[in-house]
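# Structural characterization, general
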Amino acid sequence: MAAIDPTRGFLKDVKRIVIKVGTAVVTREDGRLALGRLGALCEQIQILNSQGFEVILVSSGAVGAGRQRLRYRKLVHSSFADLQKPQVELDGKACAAVGQNGLMALYDTLFSQLDVTSAQLLVTDNDFRSPEFRKQLTETVDSLLSYKVIPVFNENDAVSTRRAPYEDSSGIFWDNDSLAALLALELKADLLVLLSDVDGLYSGPPSDPQSKLIYTYIKEKLENTITFGDKSRLGRGGMTAKVKAAVYASQAGIPVIITSGFAGDNIVRVLQGQRIGTLFHQDAHTWVSNGELNARDMAVAARESSRRLQAMSAKGRSKILLDIADALEANEKVIVHENEADISVAEDAGYETSLVSRLALKPGKVASLAKAIRVLANMEEPIGQVLKRTELSDGFILDKTSSPLGVLLVIFESRPEALVQIASLAIRTGNGLLLKGGKEARRSNAILHKIITSAIPENVGGGLIGLVTSRDEIPELLKLDDVIDLVIPRGSNKLVSQIKSSTKIPVLGHADGICHVYVDKSADMEMAKNIVLDAKTDYPAACNAMETLLVHKELMENGGVNELLIELQTKGVCINGGPRASSVLNLTPAPSFHHEYGSMNCTLEIVDDVYAAIDHIHKHGRQEKKRSYLFDVAHTDCIVTEDREVADLFLSQVDSAAVFHNASTRFSDGFRFGLGAEVGISTSRIHARGPVGVEGLLTTRWIARGSGQVVDNDKGVVYTHKDLTTTTTTHNNNNNNHKAAA
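Conventions and cut-offs
- Residues numbered from 1 in each chain as written.
- Predicted model: local features only at pLDDT ≥ 70, side-chain atom pairs only at ≥ 80, totals over all residues.
- Heavy atoms only, no water.
- Helix = DSSP H or I, 4+ residues; strand = E, 2+ residues; numbered from the N terminus.
- Buried < 20%, exposed > 50% of the residue type's maximum accessible area, 1.4 Å probe, protein only.
- Areas by Shrake-Rupley, 256 points an atom, 1.4 Å probe, with all protein chains shown as cover.
- Pairing = 2+ DSSP bridges.
- Core = buried A, V, L, I, M, F, W, Y, C linked by side-chain atoms within 4.5 Å.
- Contact = heavy atoms within 4.5 Å.
- Salt bridge = Lys/Arg side-chain N within 4 Å of Asp/Glu carboxyl O.
- Axes fitted to C-alpha atoms, helices over the stretch in contact; angles between N-to-C directions.
- Polar contact = N/O pair within 3.5 Å; in protein donor to acceptor, adjacent residues only side chain to side chain.
- Phe/Tyr/Trp six-rings, centres within 6.5 Å; stacked < 30°, edge-to-face > 60°.
- Lys NZ or Arg CZ within 6 Å of the ring centre and 35° of its normal.
- Parallel < 35°, antiparallel > 145°, perpendicular 65-115°, else oblique.
- Left-handed = near helix turned anticlockwise from the far one by under 90°.
- Nonpolar A, V, L, I, M, F, W, Y, C, P; charged D, E, K, R; others polar.
- Disulfide = S-S within 2.5 Å.
- Expected span 1.5 Å × (residues − 1).

### Some words on the overall build of the protein
- The helix and strand inventory of the protein stands at 26 helices and 28 strands.
- When the 742 residues of the protein are sorted by exposure, 55% land in the buried category.
- For the protein, the exposed area adds up to about 33000 Å²; of that, 50% sits on carbon and sulfur atoms.

If you want it as structure tokens, here you go:
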């Protein structure tokens, strides 16, 4: 299923539609009518008609169809001598008269088979010069639509005063594209759909491999920059005429979509809000952040805005976060509405329950997000902190300070709350940000992005946080190692590995994980049951949820394993067994020790002791990418035991990003760690590991303050290298007070 485009939300209010079908769609290469395409068109119109839409059809094709028929008649009635003479082009007006009859007869037949009635309305340019005609036209069409009749319009080329059907682009309208735009305005349509022989408007000729489909036409950006292909094969306009008509109608307030008439369901898909074809809208210039802006332009805008953000006082950056928190709470109803729409689409598309669960913003989530943002806003200023101070020589001081990374590209799946957390962390740390969320959360991400960016002051700029809505933009962004400083993929290991193999930009991998809970023989069983249940059932779809339960073999003898099984099964958890457990306990064999369920399922296995548990975790705490490859993640693992020596052994030897003693794996979270929020849980081993909050989005830089020192081959410098770090706390506090007062 194609992606739902948040910029097309207006389609839910559409009732009256004008559909224009071009000659290249109506006729085949040989000029004969394309019965299959016309049949599919009529079927779509019948579906819309039955759903309560008012459909008005503008159809080209009469001249093309008539030319083919007249050529045949001329051939039949020509002598051999006549055929040897130079052939004169057929009269276009005669072709129109003959072809219109056949075209309308075919429409009438096709619609009749679908139990739909159609009506023919032929108009000329001069008709529209009469106010009385316009009034009568509207009344007639309104009357037909009230009876669910489909009005079929065409220019009456047979009697038009135009020199020929393909000439003279002057007047009130000059082809069926401009006629369709005129009718859309005259009849107060809610949408105009122009069907073409290509998928929409391209940046160049569609036959050029370098040309890209433009999903939203932004006049201010694209006018005079697009190279059009050839004119229509048979009609008079081609794409140039369609774009002119679309711009005219859209600027007058009628949204227009140009899409292919060769696909049998494009009109229905357009009205479902799917991202197909090219949209023309009078507000399109306000949507440039939604994927139509050049990838480099977006990244550069984020960097420029981040520098302005860094130049603000600490108090100013905190205020932005507080304003965002207020804005989220004030718009909770619209956020929930858009999120519910995403969930509905996901369920209709048959997405897995675990994905739908991750997609949902549960009750109280918006308030929770706002609370976390306020925690970030009130935390100690992270930028410009002196981490180390060294006296290099007398009067020459070197500071190692905290500094923003620059521009972050975060690619995440499913969870829309991730957008809020990541954006607030980026603002707190002074970083520019580009976000690409999953298509399943498109509407949720769009409204959250809009609310957040609206709270960013103009002197910083909305380009600070860019929302990438097209998957096609990602390869271009991954090439920008001169502008983007860090890529953070949040999602499956497949996503992380794909990103790592596709870019020179450093990647901070947020991956899923196989989290283990090991219950030792000395465990307090009541505590163990509580921890195991929480780790599995609190949020089964989370990456920090327990996937494998390891139990000491002695718990088989004292009944501890049965207690754990009963607790899990009572809560609805389906338990699979490793080879040892499935044999002893008659459990369904687990698909793999490397399998992450993300649902109310888990694997149980019996181990001999803590050493066996550690070995199991090191061997299986990773995921299968392919049969021959294991993706090392080592996410979060836990031991439940009352034996301190055993606990210390586990904590020191399990090489995971987070290791817990007597605590649920669900605590492996940036907010719960006191980081305010998290950009993800990194399973990388360089730069940051585990929940990544403010510190993980900062780097360092060196600031030196001298008094005229020069190296001069080190002859005149007496190095002291005296550590002054113990004095930095006072310096930082004074510096923060100064910034806050600024």
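### With respect to the sheet that holds strand β19 (residues 588-589)
- The strand order across the open sheet formed by 7 strands is β19-β18-β20-β17-β16-β23-β24, and the pairing between neighbours is parallel. Only two strands of the sheet have a single neighbouring strand rather than two, namely β19 and β24 (658-661).
- When strand β23 (residues 636-640) meets β24, the two strands line up parallel, connected through 4 bridges. Paired with Ile639 across the strands is His661, a residue of β24.

### With respect to the nonpolar core
- Of all hydrophobic cores here, the largest spans 49 residues; its most connected members are Leu328, Val410, Leu433, Leu435 and Ile465.
- Mapped onto this core, the elements with two or more residues apiece are α12 (314-330), α15 (365-377), β11 (407-412), α16 (417-428), β12 (432-436), α17 (442-454), β13 (465-467) and β14 (486-491).
- Ranked by residue count, the leading element in this core is α16, at 8 residues.
- When sequence neighbours within four positions are dropped, the list of residues in contact with Val410 reads Ile422, Leu433, Leu434, Leu435, Lys436, Ile488 and Val679.

### Points about the environment of Leu724
- Secondary-structure assignment places Leu724 in the loop between β28 (719-723) and α26 (728-741).
- Through-space distance from the C-alpha of Leu724 to that of Asp399 is 9.4 Å; in sequence the pair is 325 residues apart.
- Setting aside chain neighbours within four positions, we find Leu724 in contact with Arg389, Thr390, Glu391 and Ile397.

### A word on the pattern of salt bridges
- Within this structure, the stated rule accounts for 29 salt bridges.
- The partner of Arg303 in a salt bridge is Asp485, with the nearest N and O atoms 2.7 Å apart. Here the residue Arg303 occupies a position in helix α11 (residues 295-311), and Asp485 occupies one in the loop between α18 (473-477) and β14, the gap between them amounting to 182 residues.
- The class for Arg303 is buried, based on a relative accessible area of 17%.
- One salt bridge in this structure joins Arg374 and Asp326, with 2.8 Å as the shortest N-O distance. Of the two residues, Arg374 is situated in helix α15 and Asp326 in helix α12; the sequence distance between them amounts to 48 residues.
- Look at Arg374 and you get partly exposed, because its relative accessible area is 24%.

### Regarding the sheet that holds strand β9 (residues 386-393)
- As summarised here, the arrangement of the 4 strands in space is β27-β10-β9-β28, forming an open sheet in which the pairing is antiparallel. The strands lining the two open edges of the sheet, one partner per strand, are β27 (698-705) and β28. Strand after strand, the sheet turns through a mean of 25° between neighbouring axes, direction not considered.
- Two strands pair when backbone bridges link them, and strand β10 (residues 396-404) and β27 are joined in this way by 8 bridges, in the antiparallel orientation. What sits directly across from Pro404, in β27, is Leu698.

### Digging into helix α7 (residues 176-186)
- Of all 11 residues in α7, 10 are buried, a share of seventy percent or more.
- Within the span of α7, buried status applies to Asn176, Asp177, Ser178, Leu179, Ala180, Ala181, Leu182, Leu183, Ala184 and Glu186.
- Backbone nitrogen of Asp177 and a side-chain oxygen of the N-cap are separated by 3.2 Å at the start of α7; the cap is Asp175.
- The positive-phi residue at the C-terminal boundary of α7 is Lys188, with phi of around 55°.

### Focus: the side chain of Arg317
- Residue placement: Arg317 occurs in helix α12.
- Accessibility expressed as a relative area gives 2% for Arg317, which makes it buried.
- A polar atom in the side chain of Arg317 sits 3.2 Å from the backbone oxygen of Leu309.
- For Arg317, the contacting residues outside a window of four places in its chain are Leu309, Gln310, Met312, Glu381, Ile383 and Ile427.

### Let's talk about the environment of Thr23
- Checked against the element boundaries, Thr23 lands in helix α1 (residues 23-26).
- Taking the relative accessible area as the measure of exposure, Thr23 reaches 9% and is therefore buried.
- Residues Thr23 and Gly64, spaced 41 residues apart in sequence, show a C-alpha to C-alpha distance of 7.1 Å.

### Quick look at the packing of aromatic side chains
- The full count for this structure, using the stated rule, is 5 aromatic pairs.
- With a centroid separation of 6.4 Å and an interplanar angle of 20°, the aromatic rings of Tyr518 and Phe650 are classed as stacked. Linking Tyr518 in strand β16 (residues 515-519) with Phe650 in helix α25 (residues 644-653), this pair joins segments that are 132 residues apart in sequence. In this pair, the class of Tyr518 matches that of Phe650, namely buried.
- The ring of Phe262 has Arg37 lying over it, and the distance from NZ or CZ to the ring centre is 4.1 Å.
- The ring of Tyr539 has Lys362 lying over it, and the distance from NZ or CZ to the ring centre is 4.8 Å.

### Observations regarding the pairing of strand β5 (residues 191-196)
- Of all the 6 residues making up β5, 6 are buried; the element is thus mostly covered by neighbouring parts of the structure.
- Burial of the side chains of β5 extends over both faces: Leu191, Val193 and Leu195 are buried on one face and Leu192, Leu194 and Ser196 on the other.
- Inspection of the sheet shows strand β1 (residues 16-21) paired to β5 by 5 bridges, in the parallel sense. Following the sheet pairing, Val18 is matched in β5 by Leu192.
- When β5 meets strand β7 (residues 256-260), the two strands line up parallel, connected through 5 bridges. Paired with Ser196 across the two strands is Ser260, which belongs to β7.

### Section: the packing of α15 against α16
- Contact geometry for α15 and α16: axes closest at 10 Å, N-to-C directions at 10°. By the angle between their axes, α15 is roughly parallel relative to α16. For the pair α15 and α16, the crossing hand works out as right-handed. Touching Lys365, Leu369, Ile373, Leu376 and Ala377 of α15 are Glu417, Val420, Gln421, Ser424, Leu425 and Arg428, all from α16.
- Taken together, the residues of the contact of α15 with α16 break down into 6 nonpolar, 2 polar and 3 charged.

### Quick notes on the state of the cysteines
- Tallied over the full model, the rule gives 0 disulfides.
- A disulfide-free cysteine, Cys574 has its sulfur positioned 8.4 Å from the sulfur of Cys602, the nearest such atom.

### Topic: the environment of Ile218
- Examined against the element boundaries, Ile218 turns out to sit in the loop between β6 (216-217) and α8 (219-222).
- For Ile218 and Gln282, which are 64 residues apart along the polypeptide, the C-alpha to C-alpha distance reads 8.9 Å.

### Some remarks on helix α20 (residues 525-537)
- For α20, with 13 residues, the first-to-last C-alpha span of 18 Å sits near the 18 Å given by 1.5 Å per residue.
- Along α20, the residues that are buried comprise Met525, Ala528, Lys529, Ile531, Val532, Leu533, Ala535 and Lys536.
- For α20, the elements touching its buried residues are β16, β17 (546-552), α21 (554-557), α22 (560-570), β20 (601-607) and β23.
- Its side-chain oxygen at 3.1 Å from the backbone nitrogen of Glu526, Asp524 defines the N-terminal cap of α20.

### Regarding unusual backbone geometry
- Here the phi dihedral of Asp115 falls at roughly 60°; this positive angle occurs in a residue that is not glycine.
- Topologically, Asp115 is positioned in the loop between α5 (92-113) and β3 (118-123).
- Classification of Asp115 by relative accessible area gives exposed; the value is 74%.
- A positive phi is found at Asn662, a non-glycine position, where the angle reads about 55°.
- Along the chain, Asn662 turns up in the loop between β24 and β25 (680-682).

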